[in-house]
Protein chains: 2
Amino acid sequence: MYDDILLPVAPGSAANDAVPHARSLAERYDATVHVVSAVDTLEHTLSGPRVASLADRVEAGAERRVETVTTELEEAGIDVVGNVIHGDPLQVIKNAIEDTGADIVVMPTHTRTGLQRVLLGSVTEKIVRVSPVPVVTVPMADRET
Amino acid sequence: MYDDILLPVAPGSAANDAVPHARSLAERYDATVHVVSAVDTLEHTLSGPRVASLADRVEAGAERRVETVTTELEEAGIDVVGNVIHGDPLQVIKNAIEDTGADIVVMPTHTRTGLQRVLLGSVTEKIVRVSPVPVVTVPMADRET
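Residues numbered from 1 in each chain as written. Chains lettered and ligands numbered in written order. Predicted model: local features only at pLDDT ≥ 70, side-chain atom pairs only at ≥ 80, totals over all residues. Heavy atoms only, no water.

(A) How the structure looks around the overall build of chain A. A count of helices and strands for chain A gives four helices and five strands. Counting from the amino terminus, helix and strand elements in chain A follow one another as β-α-β-α-β-α-β-α-β. For chain A, restricting intrachain contacts to residue pairs at least 6 apart in sequence, the fraction spanning at least 24 positions comes to 79%. Summed over its atoms, the accessible surface of chain A is roughly 6900 Å², and 50% of this surface lies on carbon and sulfur atoms. (Helix = DSSP H or I, 4+ residues; strand = E, 2+ residues; numbered from the N terminus. Contact = heavy atoms within 4.5 Å. Areas by Shrake-Rupley, 256 points an atom, 1.4 Å probe, with all protein chains shown as cover.)

(B) Structural detail: a negative patch on the surface. A cluster of acidic residues, A:Glu67, A:Glu72, A:Glu74 and A:Glu75, forms a negative patch on the protein surface. Examined against the element boundaries, A:Glu67 turns out to sit in helix α2 (residues 49-75). (Patch = residues over 30% accessible without salt bridge, like charges linked within 9 Å, V, L, I, M, F, W, Y side chains within 5 Å. Salt bridge = Lys/Arg side-chain N within 4 Å of Asp/Glu carboxyl O. Lys, Arg positive; Asp, Glu negative; His and termini not counted. Charge placed at Lys NZ, Arg CZ, Asp CG, Glu CD.)

(C) Molecular detail of the interface of chain A and chain B. The partner chain B presents 24 residues to the 24 residues of chain A that form the contact. Contact between chain A and chain B buries roughly 2100 Å² in total, counting both sides, with carbon and sulfur atoms accounting for 53%. Taken together, the connections running from chain A to chain B amount to 11 residue pairs in polar contact (both at pLDDT 80 or more). Where the side of chain A that touches chain B is concerned, the elements lending two or more residues are α1 (18-29), α4 (114-130) and β5 (135-138) of chain A. If one sorts the elements of the side of chain A that touches chain B by residue count, α1(A) sits on top with six residues. Partitioned by chemical class, the residues of the side of chain A that touches chain B number 15 nonpolar, five polar and four charged. Inspection of the sheet shows β5(A) paired to strand β5 (residues 135-138) of chain B by three bridges, in the antiparallel sense. Bridge pairing in β5(B) places A:Val136 opposite B:Val136. (Buried area = accessible area lost by both parts, 1.4 Å probe. Polar contact = N/O pair within 3.5 Å; in protein donor to acceptor, adjacent residues only side chain to side chain. Nonpolar A, V, L, I, M, F, W, Y, C, P; charged D, E, K, R; others polar. Pairing = 2+ DSSP bridges.)

(D) Summary view of unusual backbone geometry. Residues and elements named next belong to chain A. With phi around 50°, Asp30 is a residue other than glycine that occupies positive phi space. Mapped onto the elements, Asp30 comes out in the loop between α1 and β2 (32-39). Residue classification places Asp30 among the exposed positions, given a relative accessible area of 68%. (Buried < 20%, exposed > 50% of the residue type's maximum accessible area, 1.4 Å probe, protein only.)

(E) Quick look at the sheet that holds β5(A). What the 10 strands build is an open sheet, ordered β3(A)-β2(A)-β1(A)-β4(A)-β5(A)-β5(B)-β4(B)-β1(B)-β2(B)-β3(B); its pairing is mixed. Each having just a single partner strand, β3 (79-86) of chain A together with β3 (79-86) of chain B make up the two edges of the open sheet. If you compare each strand with its neighbour and ignore which way they point, the axes differ by 20° on average. On the sheet, helix α3 (residues 89-100) of chain B packs against β1 (4-8), β2 (32-39), β3 and β4 (104-108) of chain B and is oriented at approximately 165° with respect to β1(B). (Axes fitted to C-alpha atoms, helices over the stretch in contact; angles between N-to-C directions.)

(F) Spatial organisation of the side chain of A:Thr124. All names here are of chain A. Looking at the element boundaries, Thr124 is found in helix α4. With a relative accessible area of 1%, Thr124 lands in the buried category. Reaching out from Thr124, the side chain makes a polar contact with the backbone oxygen of Pro108 at a distance of 2.7 Å. If we ignore the near neighbours within four places in the chain, the residues touching Thr124 are Met107, Pro108, Thr109 and Thr137.

Any link to function would need more than the numbers given here.
Below, the structure is given as structure tokens:
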């Protein structure tokens, strides 16, 4: 039923409780995990050296995060593909569902850090509404804090 | 990772694309499926013979639905428990997560019929926000119609 699992991750090193669920599903269904991080650099609306510098940092953060998660899954024996894609997170994830042929998406309802917590949760709610495939929404273990 | 799966179903005979996903997860994880249908009869706010008659019909519909789904899962060799519970659907599902010790909830984002489509989708979005365990949101196959 699930051959391809999409696992969107936020740039940076924030904990993401969705990873163990994607891993478990991949193990049980012998599926490939597609890790994707969206880099929304705002380069289309802003410009200047500060924006370029911020964009570089966000992109580096996204690459580190994808690298960390793919390595963790690979070491567990999971087939995994990692990608950093520029664009609005909602659109990047929608496209990735189609491009990867994902049968299911696994996403946190929020991350442990402040602003990302709000942003990723909001993206998850929107993905739930528009996704043509099931979405596993994973709450943080310490969600009441 | 998933020993107990909560599968909320709406009263009536509306198709529910979440059932095959709950079944598949139960098979892969050797889990028990807890089927629950909430009957919100409004008896606490309204009264009179018409309300009582409506309440009876809704309850009968919920019992039929739970019976249909539990039978389908049992015939597939799944351990299954069915319950009809009176109360507000959001509260009934929140309580059922706790009472069943569910590790995961599987719910449709909407059903194929008009009003229930709106209501159940709305409940699913709220459950995603408050659930302490992962929620698998399942879109309808013909969701674009």
